[in-house]
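A look at the structure
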Amino acid sequence: MSAQTQQRRKTVLDIAKAKQGDPLVCLTAYDAPRAALLDPFCDLILVGDSVGMVVHGLPSTVGVTMEMMILHGQAVMRGSKQAFIVVDMPFGSYEASPVHAYENAARIMKETGCQAVKIESGEYAGEIIAFLVERGIPVLAHVGLRPQAIHVDGGFKAKGRTKEEREKVLREAKAASDGGALAVVVEGVAEDLAREITETISIPTIGIGASAACDGQILVTEDMLGLFDWTPKFVRRYGNVRGEITAAVEGYAAEVKARSFPGADETYALKSEKSLKIPRVAGQPGNS
Ligand code: KIV
């Protein structure tokens, strides 16, 4: 494909425009085929560390590694063409110091080709964000409910329900904006707090369980496709993938047991011995 016909990927400038108008459409993806399906409809695709729970069956995102994020980030980059791609920095890869964060963020960007990284950002993270942005690494911040902090919070708890907590989340969002984050994910907060954050800071807010008062929305794709039998209150299901997979696998199992699969149409027939092509299998002789 020539440079002229190649589809242009969205940039930080396209994401920034959401502050003036159209809400940002964002979803998570972890592999190439799903990224390809989501890509035409999404402004931003996040390779979230939720991959640990959704794909790898971990109990939380705490056990996710750099290697996992890089592998899934590479797959999503291969599958997508136009969406802005952000890869999550896993727990333990950025909190200790700006230099530590820079080394890991630069590795993620080099090895995946993604356009930005995301960090779950407490107030302390303003300094880290500024350090990365000044050195060429765009950062998506994440405030409110921070899944990597579940062991401090005692579970996945909505945030900003007391005056002190409200002020804390607001300070976290301001620290991210002042540090130069490109946008901020606001998770698990009440509508009035989401509105106040959105009206106070100059960068787009992307809500998840944070009402329609944000500049965009993100969901874990498998949640909104209906892959799980339980989803959080804030998820709307747009599909029933769980039901479809169950019905398909049930049908397959029944037909294998009944010997009605494979049928004649799904079976190779012998043409003639001369024209018979034996596919080449690694390490074995063949004639095709
Ligand atoms: O890891 C993730 O998928 C996320 C989204 C829920 C925002 O952080």
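Right above here is the structure, for reference.
Residues numbered from 1 in each chain as written. Predicted model: local features only at pLDDT ≥ 70, side-chain atom pairs only at ≥ 80, totals over all residues. Heavy atoms only, no water.

1. Remarks on the nonpolar core
Counting 58 residues, the largest nonpolar core has I45, I85, I108, V117, I119, L132 and I197 as its most contacted members. Among the elements that make up this core, the one with the highest residue count is helix α4 (residues 66-79) (six residues). The contacts of I119, once residues within four sequence positions are left out, are M89, Y94, A125, I128, I129, V139, L140, A141 and H142. Core analysis: the next-biggest nonpolar cluster, separate from the first, contains 16 residues, L24, L46, A116 and I218 among them. (Core = buried A, V, L, I, M, F, W, Y, C linked by side-chain atoms within 4.5 Å. Buried < 20%, exposed > 50% of the residue type's maximum accessible area, 1.4 Å probe, protein only. Helix = DSSP H or I, 4+ residues; strand = E, 2+ residues; numbered from the N terminus. Contact = heavy atoms within 4.5 Å.)

2. A word on the site of the ligand
Around the ligand, the neighbouring residues are T28, L46, G48, D49, S50, D88, K118, H142, V185, I208 and V220. The separation between an oxygen atom of the ligand and a polar side-chain atom of D88 is 3.2 Å. Contacts to the ligand include K118, whose side-chain N or O atom sits 2.9 Å from an oxygen atom. In the complex, the protein chains occlude 95% of the 260 Å² of accessible area that the ligand would expose alone. Here the residues of the shell around the ligand sort into four nonpolar, four polar and three charged. (Near = heavy atom within 4 Å. Polar contact = N/O pair within 3.5 Å; in protein donor to acceptor, adjacent residues only side chain to side chain. Areas by Shrake-Rupley, 256 points an atom, 1.4 Å probe, with all protein chains shown as cover. Nonpolar A, V, L, I, M, F, W, Y, C, P; charged D, E, K, R; others polar.)

3. Regarding helix α11 (residues 241-257)
Helix length check: α11 (17 residues) gives 24 Å between terminal C-alpha atoms against 24 Å at 1.5 Å per residue, within 8%. At the C-terminal side of α11, R259 shows a positive phi close to 60°. (Expected span 1.5 Å × (residues − 1).)

4. What about the environment of G226?
Looking at the element boundaries, G226 is found in the loop between α10 (221-225) and α11. G226 sits 180 residues away from L46 along the chain, and the two C-alpha atoms are 19 Å apart. In contact with G226, not counting residues within four places along its chain, are R237, G239, N240, V241 and R242.

5. Side note on the state of the cysteines
A complete count under the given rule lists zero disulfides for this structure. Here C114 is not disulfide-linked; the sulfur of C26 is the nearest cysteine sulfur, at 15 Å. Just so you know, C214 is unpaired, no disulfide at all, and the nearest cysteine sulfur is the one on C26, 11 Å from it. (Disulfide = S-S within 2.5 Å.)

6. A word on the sheet that holds strand β8 (residues 216-219)
The eight strands lie next to each other as β1-β2-β3-β4-β5-β6-β7-β8, forming a closed barrel whose pairing is parallel. With strand direction ignored, the average angle separating the axes of adjacent strands in the sheet is 25°. In terms of strand pairing, strand β1 (residues 24-28) meets strand β2 (residues 44-47) through three bridges, oriented parallel. Each residue of the ladder has a partner; that of C26, found in β2, is L44. Sitting on the sheet, helix α5 (residues 98-112) touches β3 (84-88) and β4 (116-120), and the angle it makes with β4 is about 140°. (Pairing = 2+ DSSP bridges. Axes fitted to C-alpha atoms, helices over the stretch in contact; angles between N-to-C directions.)

7. Comments concerning unusual backbone geometry
Cis geometry is found at the peptide bond from F261 to P262, where omega equals -5°. Inspection of the secondary structure puts P262 in the segment after α11.

8. So, helix α9 (residues 191-200)
Turn by turn, an α-helix covers 3.6 residues, leaving residues three or four places apart pointing in a common direction. When α9 is considered as a whole, its buried residues turn out to be L193, A194, I197 and T198. One face of α9 carries all of its buried residues, which in axial projection span an arc of 135°. Tucked into the core, α9 has its buried residues touching α8 (163-179), β6 (183-187) and β7 (205-208). (Arc of directions from axis to C-beta.)

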